[in-house]
Amino acid sequence: MPFARPRPASRAVAPAPQSSHARRPRAARRLALLLAATLLAACTGEPEAPPHGSSQLAGMMLDPQLSEISGLAASRRHPGVLWMHDDGGNPERLFAVADNGDRLATLRIEGVTKTDWEDIAAFELDGRQYLLIADTGDNGGLRRSLQLHVIEEPAKIENARLKPAWSIAFRWPDGARDCEAVAVDIARKQVLLISKKRQPPELFSLPLMPAGNALQTATRLGGLAGIPEPDAQLRRSNPTRAKLQGQVTAADISPDGNTLAVMTYRYLLLYPRQPRQSWAQAVAGQPRVSDLPWLPQAEALGWSADGRSLYATGEFIPAPLYRITP
């Protein structure tokens, strides 16, 4: 997708997508500054507890194989490991990545066809740790069915081949739509999905463990409130950026099950859920909204295993890997 020029500002904000050729010189300069800041922090020492709402550079994504990351989830089995995958047009594979951005292993996923993987979620069920991969991208609005693949986390971090424990084929209830954000609510054994391009974004659900192999139909739960609207000046000066900045590109539920984090190209939104409240009710309320730190096409977000922070990164290499304290 073409990219629009990032808005020059005194604060760092996530840019809307733009041309990769036009973006790379500016990205290199920004990343050089980020790396310098990281080295300075290492020399001077970092605060023991980052303040709420802050973001820290956890590492840099430099490996060429990580150049199109579109999904991220923190391992529930291996401390300090993040699971990532890349976009469509690449092999069926997962990457084990250290929380400083270094690639540790590449795992091929057998028995599935990759159309457009767009998100990944980690969860634990019956004492086992799993990853759910969402093959739900549909830029052209042409797919009649989509797939979710559930894979058990391997015991060792090493190059290997894995097969899904189970897969879920599904369709939307009323026509095709693009989806780049999924999350797992393990308490309800439910998968949440959020549409990308429709405004307001729509929330859907599917059973995590459906009976049989029949094609499932996603259930619409409602719309997401509180997505910031672009101001009139931005709509006039850069209508493409204005249209893109509120599109949802990733989501994840906190390990305690109480907060849904949603990423757009520019914003991080947190939807808290009160006791006995449904997710439909939670996303109908006003979220806590903050600007993302600068990212080249923000598309990957996941809670840390302890639920104290969120990891975020984007497509293209080099790319920063942030740890955000909500």
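Residues numbered from 1 in each chain as written. Predicted model: local features only at pLDDT ≥ 70, side-chain atom pairs only at ≥ 80, totals over all residues. Heavy atoms only, no water.

Caption draft 1: A look at the packing of aromatic side chains. Enumeration over the complete set of coordinates arrives at 4 aromatic pairs. Judged by centre distance (5.3 Å) and plane angle (90 degrees), the ring pair of Phe170 and Trp172 falls under edge-to-face. A single burial state applies to Phe170 and to Trp172, both of which are buried. Three or more aromatic residues joined by ring pairs form one cluster here, namely Phe123, Tyr130 and Trp166. Across the ring face of Trp117, the terminal group of Lys114 is positioned such that the distance to the ring centre comes to 4.7 Å. (Phe/Tyr/Trp six-rings, centres within 6.5 Å; stacked < 30°, edge-to-face > 60°. Buried < 20%, exposed > 50% of the residue type's maximum accessible area, 1.4 Å probe, protein only. Lys NZ or Arg CZ within 6 Å of the ring centre and 35° of its normal.)

Caption draft 2: Focus on the nonpolar core. Counting 22 residues, the largest nonpolar core has Phe123, Leu132, Leu148, Phe170, Trp172 and Leu193 as the members making the most contacts within it. Those residues in contact with Leu148 that sit more than four places away from it in its chain are Leu132, Ile133, Ala134, Thr136, Trp166, Ser167, Ile168, Phe170, Val191 and Leu206. Grouped together as the second largest cluster of nonpolar side chains are 18 residues, Ala183, Ile227, Ala282 and Val283 included. (Core = buried A, V, L, I, M, F, W, Y, C linked by side-chain atoms within 4.5 Å. Contact = heavy atoms within 4.5 Å.)

Caption draft 3: Spatial organisation of the environment of Arg188. Relative to the elements of secondary structure, Arg188 occurs in the loop between β11 (179-185) and β12 (190-195). Judged by its relative accessible area of 40%, Arg188 falls in the partly exposed class. Taking the C-alpha atoms as reference, Arg188 lies 8.6 Å from Leu208; in sequence the two are 20 residues apart. Excluding residues within four positions of it along the chain, Arg188 makes contact with Arg273 and Gln277. A polar contact of 3.3 Å, which involves the side chain of Arg188, links it to the side chain of Asp185. (Helix = DSSP H or I, 4+ residues; strand = E, 2+ residues; numbered from the N terminus. Polar contact = N/O pair within 3.5 Å; in protein donor to acceptor, adjacent residues only side chain to side chain.)

Caption draft 4: Molecular detail of unusual backbone geometry. The omega torsion across Gln199 and Pro200 is -5 degrees, close enough to zero to call that bond cis. Residue placement: Pro200 occurs in the loop between β12 and β13 (202-207). Geometrically, the link from Ile317 to Pro318 is a cis peptide bond, its omega value of 0 degrees lying close to zero. Within the secondary structure, Pro318 sits in the loop between β21 (310-314) and β22 (319-324). For Arg276, which is not glycine, the phi torsion reads 65 degrees and is therefore positive. You can see Arg276 is positioned in the loop between β18 (267-272) and α4 (279-284). On the accessibility criterion, Arg276 (82% relative accessible area) is exposed. With phi around 80 degrees, Phe316 is a residue other than glycine that occupies positive phi space. Here Phe316 lies in the loop between β21 and β22.

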